[in-house]
Amino acid sequence: MHTAVIIGSGFSGICMGISLKANGIHDFVILEKASDVGGTWRENTYPGAECDIPSALYSYSFEPYPDWEYKWSHQPQILKYINHCVDKYDIRKHIHTNQELVSARWTDDRFWHITTKDGSTYEAKTFIPAIGQLHHPSIPNFKGLGSFEGTSFHSAQWNHEVELKDKRIAVIGNAASAVQFIPQIAKVAKELTVFQRSANWMLPKQDRLYMEWEKKLVKKFPILLRMYRKKIWLLGGALFSLMQNGNNFLRKIYQNKTVQFIKEHIKDPELIKHLTPTYPMGAKRVLFSDDYYEALSKPHVHLITDQLESINASGIKTNDGSTYNADVLVYATGFKTNPFLMNLDIKGKEDISIHDAWKDGPKNYLGITVDQFPNLFMMYGPNTNLGHNSIIIMSEAQANYITQCVSHLLENNKKSIEVRKPILDSYYTKIQSRLKDMIWAQIDQSWYQSANGNIPNNWPG
């Protein structure tokens, strides 16, 4: 019997393990479905993959890292940082790789019985899914999907065996991942066609390499790195004001900044119009890039805003009757963010399924606990996503809270802890009420919203 079984070895799962160990709790395991740690930073290897939060903040507060190469670090170094933390805090011995969760059941004996894909079983006092929100790639059910005879793949499952040089490449989508890899593949493609459903508000990253003297300085005076981290956090807090209703004057300033950014690289008035969003900044995820608009200005790169009608053997047809032939088709169509805990068989008291409990939408307390599911603690659960700052801040806060709960169980010889339904319902009502006053609720469609109009993903503070 383990004190805890954690699912996932990304930033949240590793943070949870470190927090437990720091509080003297060592009898836990981390189940990882892949052969190594890293979560999204192991899986996403598309060209140009990098974080859209500066690395001084997209890292643990207790483990500042003076060796970042770039202000906004690339995927390989973020993965290196995760492995650094795993080794420094001696977490690797707790990790069981190639163990994909299939089911978890709360038993009458008041513990969790957990089964993995290969038939292995684990018993644990507490069950901590830390699998995140963005790990199930989503491809819409386009007419003709599967008929394309060239090579196709989702950007989160990049096929590195495909040679892109001098190829005609079609990209469906233009959001967070696309704006990173499009400038990279534009350098080698014979022709690149980007299919845009709607424009995104985008701000320049102003990325750069850190100088060697800067790295040496923060190593000698660690307080400087902490001060820099605080500065970025405060700037993110200022960006949060764009997520609230009102603040139209500040929003207008940032929107004008984007328009000027577009005009620096794009001279065609019609293209400028297509690249300028018609919704208020903050209503969807604000993107950051230094080279996306520059890539779109190249003569062999084309932006198509007509609605995609169908996919055929040779490429894509739009609703105006135009056809666009391609050798390679890349889906940059995002992830399935809801339902949470997708494809997992998790059952609580009286054998109730988590999906039945959430049939009207995911509800839990602080994004962590669910009534009728004792000793279940989610990380990066409902209403814990940030639209303006580093999710690592949330991971640390959640790990601290969960560790307090686990410690309480152990120190007081308690069998279980569970949020009361009236408390959960009251909390959920207040959260959704606050979210109605956010700019996210003012548009008809985004991945932040569910079909019933509620916002299950984001934190309203």
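Look above for the structure.
Computed from a prediction, not measured in an experiment: that's the story for all the values here. (Residues numbered from 1 in each chain as written. Predicted model: local features only at pLDDT ≥ 70, side-chain atom pairs only at ≥ 80, totals over all residues. Heavy atoms only, no water.)

Any chance you could explain the overall build of the protein here in plain terms?
The number of helices and strands found in the protein is 12 helices and 17 strands. Across its three principal directions, the C-alpha atoms of the protein cover 70 × 55 × 45 Å. In the protein, which comprises 461 residues, the proportion classed as buried is 53%. Within the protein, residue pairs in contact and separated by at least 24 positions form 69% of the contacts whose partners lie at least 6 positions apart. A total of about 21100 Å² of accessible surface is found on the protein, and carbon and sulfur atoms cover 50% of it. Distance between charge centres in the protein, computed from 51 positive and 46 negative side chains, equals 6 Å. (Helix = DSSP H or I, 4+ residues; strand = E, 2+ residues; numbered from the N terminus. Buried < 20%, exposed > 50% of the residue type's maximum accessible area, 1.4 Å probe, protein only. Contact = heavy atoms within 4.5 Å. Areas by Shrake-Rupley, 256 points an atom, 1.4 Å probe, with all protein chains shown as cover. Lys, Arg positive; Asp, Glu negative; His and termini not counted. Charge placed at Lys NZ, Arg CZ, Asp CG, Glu CD.)

Quick question: what am I supposed to make of helix α5 (residues 212-220) here?
Structurally, the α-helix is built with 3.6 residues per turn, so residues lying three or four positions apart point the same way. The set of residues buried in α5 consists of E214, K215 and V218. Considered in projection along α5, the buried side chains sweep an arc of 100° and stay on one side of the axis. Facing away from the buried side of α5 by more than 90 degrees, the exposed set consists of E212, W213, K216 and K220. Looking at the buried positions of α5, the neighbouring elements they touch are α6 (222-240). (Arc of directions from axis to C-beta.)

I would appreciate a short explanation of the packing of α5 against α6 in the present structure.
What describes two packed helices is the angle between their axes and the distance between those same axes. Two elements in contact, α5 and α6, have axes separated by 4 Å at closest approach and are oriented at 105°. Classified by the angle their axes make, α5 and α6 are roughly perpendicular. Note on element contacts: α6 touches α5 through P222, L224 and L225, opposite L217, V218, K219 and K220. Of the residues that constitute the contact of α5 with α6, the class distribution is five nonpolar, no polar and two charged. (Axes fitted to C-alpha atoms, helices over the stretch in contact; angles between N-to-C directions. Parallel < 35°, antiparallel > 145°, perpendicular 65-115°, else oblique. Nonpolar A, V, L, I, M, F, W, Y, C, P; charged D, E, K, R; others polar.)

Would you explain unusual backbone geometry in this entry?
A negative phi angle is the norm for most residues apart from glycine, just as the trans form is the norm for most peptide bonds. The backbone of R110 shows a phi angle near 65°, a positive value even though the residue is not glycine. Within the secondary structure, R110 sits in the loop between β4 (101-106) and β5 (112-116). Positive phi is not limited to glycine here, since Q206 has a value of about 55°. Summarising the element assignment, Q206 is placed in the loop between β10 (202-203) and α5.

Which parts of the structure should I look at to understand the pattern of salt bridges?
A side chain of one charge can pair with a side chain of the opposite charge if their charged atoms are brought near each other. For the structure on display, the rule yields 19 salt bridges. Residues K21 and D90 are paired through a salt bridge, measuring 3.7 Å at the closest nitrogen-oxygen approach. Here K21, found in helix α1 (residues 11-22), pairs with D90, found in the loop between α3 (75-88) and β3 (95-96); they are 69 residues apart in sequence, far enough to count as distant. Look at K21 and you get buried, because its relative accessible area is 15%. A relative accessible area of 37% places D90 in the partly exposed class. K117 is the salt-bridge partner of E100, the closest N and O atoms lying 3.9 Å from each other. Of this pair, E100 sits in the loop between β3 and β4 while K117 is found in the loop between β5 and β6 (121-129), placing the two residues 17 residues apart along the sequence. Given the relative accessible area of 64%, K117 is considered exposed. Each of K21, D90 and K93 takes part in salt bridges that share partners, so that together they form one network. (Salt bridge = Lys/Arg side-chain N within 4 Å of Asp/Glu carboxyl O.)

Where do I start with the sheet that holds strand β13 (residues 308-311) in this structure?
The strands that make up a sheet are held in pairs by hydrogen bonds between backbone atoms, and each pair lies either parallel or antiparallel. With antiparallel pairing, the three strands of this open sheet are ordered in space as β13-β14-β15. Looking along the sheet, the strands with just one partner apiece sit at the ends: β13 and β15 (323-325). Neighbour to neighbour, the strand axes of the sheet diverge by 20° on average, direction disregarded. Two strands pair when backbone bridges link them, and β13 and strand β14 (residues 315-318) are joined in this way by three bridges, in the antiparallel orientation. Bridge pairing in β14 links S310 to K317. (Pairing = 2+ DSSP bridges.)

Can you walk me through the nonpolar core in this structure?
One broad rule of soluble globular proteins: the nonpolar side chains tend to lie buried together. In terms of nonpolar packing, the biggest core is built from 46 residues, with F11, I14, Y58 and Y60 touching the most fellow members. Those elements that place two or more of their residues in this core are β1 (2-7), α1, β2 (28-31), α3, α6 and α11 (391-411). In terms of residue count, the dominant contributor to this core is α11 (seven residues). Leaving out residues up to four positions away in the same chain, Y58 has contacts with F11, W41, C51, I53, W68, I78, S390, I391 and I392. Of all hydrophobic cores here, the second largest spans 35 residues; its members include Y46, A49, F153 and L287. (Core = buried A, V, L, I, M, F, W, Y, C linked by side-chain atoms within 4.5 Å.)

In this structure, what is going on with α11? I would like to understand it.
In this model, α11 (21 residues) spans 30 Å end to end at C-alpha, consistent with the 30 Å of a helix rising 1.5 Å per residue. Once α11 finishes, N413 follows within two positions and takes phi at roughly 50°, a positive value. (Expected span 1.5 Å × (residues − 1).)

Even after reading the chapter, I still don't get the sheet that holds β5, so can you show me in this structure?
The seven strands are arranged β3-β2-β1-β6-β5-β4-β17 in an open sheet whose pairing can be described as mixed. The open sheet has two edge strands with one neighbour each: β3 and β17 (345-347). Bridge analysis of β4 against β17 gives three bridges, and the strand direction is parallel. Among the inter-strand pairings, R105 is bridged to a residue of β17, identified as K347. In the packing of α11 onto the sheet, contacts are made with β1 and β6, and the angle to β6 comes to roughly 130°.

When you look at the side chain of T369 in this model, what are you seeing that I'm missing?
Locating T369 in the fold gives a position in the loop between α10 (354-357) and α11. Judged by relative accessible area, which is 8%, T369 ranks as buried. Among all residues touching T369, those that are not within four sequence positions of it are N364, L376, F377, V419 and L424.

Worth remembering: the numbers are spatial, not functional.
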